[in-house]
Amino acid sequence: MDNRSIAQLLFETADLLEISAADPFRIRSYRRAAEAVESSTIQLSEIAHDAKKLQEIPGIGKSMAANIQDIEKTGTLPLREELLTKYRPGMLDLLRLPGMGPKSVALFWEALQVSSIAELETAIAEGKLASLPRMGTKQIEKLRKGIEDYKKNSGRFLIDDAEIAAEKLIAYLRAFDGMDVITPAGSLRRGRETVGDLDILVTGRACTEGKVQSAVEYTAAYPLIVDLIAKGQNKVSFRLRGGLQIDVRLLPENSYGAALQYFTGSKMHNVAIRQRALKRGYTLSEYSLARVDDGSFVAGATEEEIYAALGLDWIPPELRENNGEIEAAEQHRLPALIELKDIRGDVHMHTNVTDGKNTIREMAEAALARGYEYLAITDHTKNLAMTFGLDDERTIEHARHIREVEKEMGGRIRIFAGMEVDILANGQLDLADETLAQLDVVIVSVHSLFNMPEEEMTARILRAVENPYTRILGHATGRLLLRREAYKLNLPQILRRCAELGVAVEHNAYPDRLDLCDRDLRLARELGCKIVINTDSHHTSHMEKIRYGVSQLRRAWLTRNDVLNTRPANDFLAALRPKP
DNA sequence: GCCGTTTTCGGCCCGACTGTTTTCAGTCG
């Protein structure tokens, strides 16, 4: 079993333990072990036979090593099975609802035998919750809304999870002789934040008539399939554990471009393109662009030749939403979109001084290895106590340390001293001005949940932005995809003020954060905001997540000129709001 | 549960906020 799946089982066990009101420290041990497994570069299945080796991993002791061995052997662990005789798997979903924690799950189970989101929904509709302690009208309404949002989002998967699933499948398919070109299409190719299902296109010698059937059989034998939905002439559909649906299509080479165009979408873009084709006497299908009158083949092997035959420049997948890209392609004025290689620095990252996993030096080396010219270390402040956030004194000490490490690096990379400063209830920052004055990069971010009217929440952030030391607004909408809704904010008002004050707004590239969606980013640019893209890395391996954020920037039609950290280090600092 | 070694037992990040209370439990990060 892969590390991710092992970690998943440990996380689930921790959740179940929490519902059963077990020792909090024991619960934490399971979570720590799960995290250790997840981030380990060693494949645990390869060393699972050796309990001693397992115990060399920090966070894994004697019992956890035995648990992992059980998982390898049986696919689960005894404690989890035991807990599942007492509780129900659906409770793990309940925990994902905003405002639902282990105590509430346990309460609903004991009082009402509610063990799933569907049952909770029924209980709310029947008014059964009101009789329970701590369940006032506001709390019940919050849950009702949470269920609504959950249902809206469920069935979609974060892009990086989908991509990992795609990569695994592609590696499997490549082993088959003659599957020469394999490409993910659909919303994954368009760089959406989430994908509903995965479309994988395959072409090559194995996809020609007469040979394709054995390729289809091979695809349908993919070991991770839990539910084979369909197996046809040139298509296999199935579901993986976790619910992700994948459609694999095997097509001859002369249809490949047409298929890629067709299955990349979006629906609206394709409708517009097909209408355009008809106007010109063509018909476009997933197999080819053909003449309407005699059905003769016009184009199909590549997307470029199809778009060209329709009088269009090739359109990057991220733009294919029928948002003006077809007109722009016709007039040869598609923007030169920002690219991954344009990014010269990442200015939001954490170290093991707070809740990160690596040292300043390790983060700097990793940034250097990515080809960056600079980075900023921006750890948490004291208000986020759980992260061991820094107070003024420790902030200054930390900044000194950052500058020392920069010297040690011998000019190979610039390291800016910064902080991710929390916004307090009154809109003030939780570091003193004298401290902020010593930092290169001050990011202000809302971390605490403030359930208050939109105007008040907005005013709070505006106050934080007004602070003359604020240079970047982080987590601008505070949303966590698939988990809860964003803070209630007047975002246009905030972005406008940022633009006036010269405060940059951050686009957080981490897939489950992605604070600004493409619509927000478009707005930010329209309002004249400075835009910064960051990963908010808590581990050296997180830095690569920048590519997902770049996709979002591309979806928002941004070019390198629109993004501050495409500039060299000194230009970047100079472009930030000047310090008082 | 793990860890450390003043090693076999005691410590293990905690403050802000909300909603429901009338002094605090639960959730979040």
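All values derive from a computational prediction rather than experimental measurement. (Residues numbered from 1 in each chain as written. Chains lettered and ligands numbered in written order. Predicted model: local features only at pLDDT ≥ 70, side-chain atom pairs only at ≥ 80, totals over all residues. Heavy atoms only, no water.)

Colleague: Explanation requested: the protein's contact with DNA strand B in the structure shown.
Modeller: Taken together, 40 residues are adjacent to DNA strand B, and Arg26, Arg28, Gly136, Met386 and Ala425 come closest. One of the side-chain nitrogen or oxygen atoms of Tyr30 is found 3.1 Å away from a phosphate oxygen of DNA strand B. Sorting the residues of the surface near DNA strand B by element identifies helix H2 (24–39), helix H5 (62–74), helix H8 (102–112) and helix H10 (137–153) as the ones contributing at least two each. For the surface near DNA strand B, the leading source of residues is H2, giving five residues. Considered class by class, the residues forming the surface near DNA strand B number 18 nonpolar, 13 polar and nine charged. (Near = heavy atom within 4 Å. Polar contact = N/O pair within 3.5 Å; in protein donor to acceptor, adjacent residues only side chain to side chain. Helix = DSSP H or I, 4+ residues; strand = E, 2+ residues; numbered from the N terminus. Nonpolar A, V, L, I, M, F, W, Y, C, P; charged D, E, K, R; others polar.)

Colleague: Where do I start with the sheet that holds strand E2 (residues 181–184) in this structure?
Modeller: The strand order across the open sheet formed by five strands is E2-E4-E7-E6-E5, and the pairing between neighbours is mixed. Bordering the open sheet on either side are E2 and strand E5 (225–231), each of which pairs with just one other strand. Going across the sheet, the axis of each strand differs from the next one's by a mean of 20°, ignoring polarity. Alignment of strand E4 (residues 197–203) against strand E7 (residues 245–251), held across seven bridges, turns out to be parallel. Following the sheet pairing, Asp197 is matched in E7 by Gln245. Against the sheet, helix H11 (residues 159–174) touches E2, E4, strand E6 (235–240) and E7, its axis set at about 25° to E4. In the packing of helix H14 (residues 256–264) onto the sheet, contacts are made with E2, E4 and E7, and the angle to E4 comes to roughly 175°. (Pairing = 2+ DSSP bridges. Axes fitted to C-alpha atoms, helices over the stretch in contact; angles between N-to-C directions. Contact = heavy atoms within 4.5 Å.)

Interpretation note: all reported values are geometric properties and have no functional meaning in isolation.
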